[in-house]
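Residues per chain are reported as follows:
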Amino acid sequence: MFMHNKKLMYTVRVAEPNPALATLMLEQFGGPQGELAAAMRYFTQGLADEDVNRRDLLMDIATEELSHLEIIGSIVSMLNRGAKGRLAEAVEEEADLYATMTQGGESHTTTLLCGGGAPLVNSAGVPWTAAYVDSIGDPTCDLRSNIAAEARAKIVYERLINVTDDPGIKDALRFLMTREVAHQKAFEKALYAIPDNFPSGKLPADPAFADTYFDMSQGEPEGQGPWNTGPQWEVVSDREGQMAVDGGDGGCEVKLGGVEAKTVQAFADRTQSDPNAEPLTGADLGAGPGAGKTTPVEKS
């Protein structure tokens, strides 16, 4: 059960309206790294988690993310407030009103279509989608995804802080950025509280390939690090050694029944290309300068 408290989790102080900045802030409202995506990710994970303590963690953070969504939405609304009034009451000439709405950005779209509110879109106007919620139902996978999501959100907040000189907005964004750090630490603790958290799932890795590093990118410089050096790794750089590593011939095949085999062969025979043909094509007939080499067309 949820109940709304009319006081924001963190006080929002906006120095002056700025529709262009409001558009950028939408990235954390309806974007892939935003607060709604985070809230829905942790909420749906919490509903399905079999560990009662971890479920409580996920529900706590999901609910906090909704409060963060309210903070960001309030910032967006405050930044749009001046343009909202001008647009609604038509207090300016057309050219001046358009300049107020755009301020060199794409904010006229959200101002015009959404009346200066906080629509569930990202900074480019792309609608929010549940595809941003990348849960898979295994806690060791989902917690790692959550850690990465919090890290990405922190970086977006850093970038938003860097594009505004409004002290009140910077202060609120710094709070939100810091909470991403706190959540990342909590998710890390939850992950490593699972004794056997790597690899994810129940089935073990095949020992024949679990410690192999395939050096597929060849040429200089040769990149090295703890990810491909030391006793943990067997490095395979030879191209022949990277093919058919199962010991087979590297081909692919399927066993077909009698009727299937006949119909597939009939299709192959009917659509087979003639390697000796030199057909005259429409590209040959219409070839002009810049067409490259084409089949010669006999002049009549």
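Preceding this section is the structure that the text describes.
Residues numbered from 1 in each chain as written. Predicted model: local features only at pLDDT ≥ 70, side-chain atom pairs only at ≥ 80, totals over all residues. Heavy atoms only, no water.

**Student:** What's the story with the packing of helix α7 (residues 139–162) against helix α8 (residues 167–192) in this structure? I'm lost.
**Tutor:** In a pair of packed helices, the angle between the axes and the distance between the axes together describe the arrangement. Orientation of α7 relative to α8, taken along the N-to-C sense of each, is 160°, at an axis distance of 9 Å. Relative to α8, the element α7 lies roughly antiparallel. Considering how the two elements wind past one another, α7 and α8 form a crossing that is left-handed. For the contact of α7 with α8, the class distribution of residues is 14 nonpolar, 4 polar and 9 charged. (Axes fitted to C-alpha atoms, helices over the stretch in contact; angles between N-to-C directions. Helix = DSSP H or I, 4+ residues; strand = E, 2+ residues; numbered from the N terminus. Parallel < 35°, antiparallel > 145°, perpendicular 65-115°, else oblique. Left-handed = near helix turned anticlockwise from the far one by under 90°. Nonpolar A, V, L, I, M, F, W, Y, C, P; charged D, E, K, R; others polar.)

**Student:** Mind showing me how you'd approach the environment of R152 here?
**Tutor:** Tracing the sequence through the fold places R152 in helix α7. Assessed through its relative accessible area of 35%, R152 is described here as partly exposed. Spatially, the C-alpha atom of R152 lies 9.0 Å from that of E180, the residues being 28 residues apart in sequence. (Buried < 20%, exposed > 50% of the residue type's maximum accessible area, 1.4 Å probe, protein only.)

**Student:** What exactly am I supposed to notice about unusual backbone geometry here?
**Tutor:** The phi torsion of most residues other than glycine is negative, and most of the peptide bonds are trans. Residues F198 and P199 are joined by a peptide bond in cis, for which omega reads -5°. If you trace the backbone, P199 turns up in the loop between α8 and β1 (212–214). Even without a glycine there, the phi angle at A244 is positive, about 50°. Looking at where A244 falls in the secondary structure, it is placed in the loop between β2 (234–236) and α9 (258–270).

**Student:** Help me understand the nonpolar core, please; the structure alone is not making it clear to me.
**Tutor:** In globular proteins that are soluble, nonpolar side chains generally tend to be buried together. Formed by 23 residues in total, the largest nonpolar core has its most connected members in M25, I75 and L173. Mapped onto this core, the elements with two or more residues apiece are α1 (19–25), α4 (52–89), α7 and α8. Other than its neighbours up to four places away in sequence, M25 contacts I72, I75, V76, L79, L160, I169 and L173. (Core = buried A, V, L, I, M, F, W, Y, C linked by side-chain atoms within 4.5 Å. Contact = heavy atoms within 4.5 Å.)

**Student:** Could you clarify how one ought to interpret the pattern of salt bridges in this entry?
**Tutor:** Side-chain pairs of opposite charge can arise where the charged atoms are in close proximity. Applying the stated criterion across every chain, the model contains 4 salt bridges. As a salt-bridge pair, D134 and R41 come within 3.1 Å of each other at their nearest N and O atoms. In this pair, D134 is assigned in the loop between α6 (107–114) and α7 and R41 in helix α3 (residues 35–48), connecting sequence segments 93 residues apart. A relative accessible area of 37% places D134 in the partly exposed class. Of the charged contacts, one joins R179 and E64 as a salt bridge, the two residues approaching to 2.6 Å between their closest N and O atoms. (Salt bridge = Lys/Arg side-chain N within 4 Å of Asp/Glu carboxyl O.)

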